[in-house]
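Understanding the architecture of this molecule
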Amino acid sequence: MLETLFTWVTGLLYGHPLVGLFGAFVWGILSILLSPCHLASIPLIVGFVSRQEKLTTRRALRISLAIALGILATIGVIRVLTSLLGRLL
């Protein structure tokens, strides 16, 4: 199943430039979501959320989204910093 998904996304990169841009975006999302480093954080998030008092589905979703967006923002900042350092060096 993953091989089919990877083949499909790779095929997007060879199409029209706008489709290629979409394919690159999808590859970027998949590289973050399927990274072993980030998969290891799932039990941490589940453990943190499950220990909250008065937990509703909405609150659990908000906490999970806050953690996920924090991780993505951190990765984005690191990406920008390494890009700038790469250009300077």
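Our focus in this paragraph is the overall build of the protein chain. Check the secondary structure of the protein chain and you find five helices and zero strands. Each helix and strand of the protein chain, placed in order from N terminus to C terminus, yields the pattern α-α-α-α-α. Here the protein chain has a C-alpha radius of gyration of 17 Å; the compact-globule value for 89 residues is 12 Å, and the former is much larger. With the C-alpha coordinates aligned to their principal axes, the bounding extent of the protein chain is approximately 50 × 40 × 20 Å. Taking all 89 residues of the protein chain together, 13% fall into the buried category. Partitioning the contacts of the protein chain with sequence separation of at least 6, the portion at a separation of at least 24 is 24%. Working note: accessible area of the protein chain is about 7,400 Å², and carbon and sulfur atoms make up 74% of it.

The predicted model of the protein chain averages 80 in pLDDT, with 99% of residues at 70 or higher. Of all secondary-structure elements in the protein chain, the lowest mean pLDDT belongs to helix α3 (residues 36–39), at 72, while helix α5 (residues 57–88) reaches the highest, 86.

Right, let's talk about unusual backbone geometry for a bit. Here K54, not a glycine, exhibits a phi torsion of approximately 50°, which is positive. Among the structural elements, K54 can be located in the loop between α4 (41–50) and α5. The exposure class of K54 is exposed, given its relative accessible area of 78%.

Tracing the sequence through the fold places T74 in helix α5. A relative accessible area of 45% places T74 in the partly exposed class. For T74 and E3, which are 71 residues apart along the polypeptide, the C-alpha to C-alpha distance reads 29 Å.

On to the packing of α4 against α5. Interaxial distance between α4 and α5 falls to 10 Å at its minimum, and their mutual angle equals 145°. Crossing of α4 against α5: the hand is right-handed. Between α4, through S41, I45, F48 and V49, and α5, the contact on the second element is made entirely by A60, I63, S64, I67 and I71. Here the residues of the contact of α4 with α5 sort into seven nonpolar, two polar and no charged.

Each value, and the rule that gives it
- Along each chain, the written sequence defines residue order, and numbers are assigned to residues from 1.
- With pLDDT at 70 or above as the cut-off, local features in this predicted model cover only qualifying residues; side-chain atom pairs require 80 or more to be listed or tallied, and sums for whole chains, interfaces and linings still use all residues.
- Side-chain numbers come from the whole structure's heavy atoms, not from hydrogens or water.
- Per the convention used, a helix needs a DSSP run of H or I reaching at least four residues, while a strand needs a run of E reaching at least two, with both numbered from the N terminus.
- Here the globule rule is a power law, 2.2 Å times the number of residues to the power 0.38, and the radius of gyration is based on C-alpha atoms.
- Burial status follows relative accessibility: with a 1.4 Å probe on protein chains alone, a residue under 20% of its type maximum counts as buried, one over 50% as exposed, and anything between as partly exposed.
- Should any heavy atoms of two residues lie within 4.5 Å, those residues are counted as being in contact.
- Note on areas: Shrake-Rupley, 1.4 Å probe, and residue coverage restricted to the protein chains presented here.
- Per-residue confidence from the predictor is reported as pLDDT, which spans 0 to 100.
- Axis geometry follows a simple rule: fit a line to the C-alpha atoms, using only the stretch in contact for helices, then measure angles between N-to-C directions, giving values from 0 to 180 degrees.
- Working rule for handedness: look at the near helix, and if it is turned counterclockwise from the far one by less than a right angle, call the crossing left-handed; if clockwise, right-handed.
- Each residue is assigned to one of three groups, with Ala, Val, Leu, Ile, Met, Phe, Trp, Tyr, Cys and Pro labelled nonpolar, Asp, Glu, Lys and Arg labelled charged, and all others, Gly among them, labelled polar.

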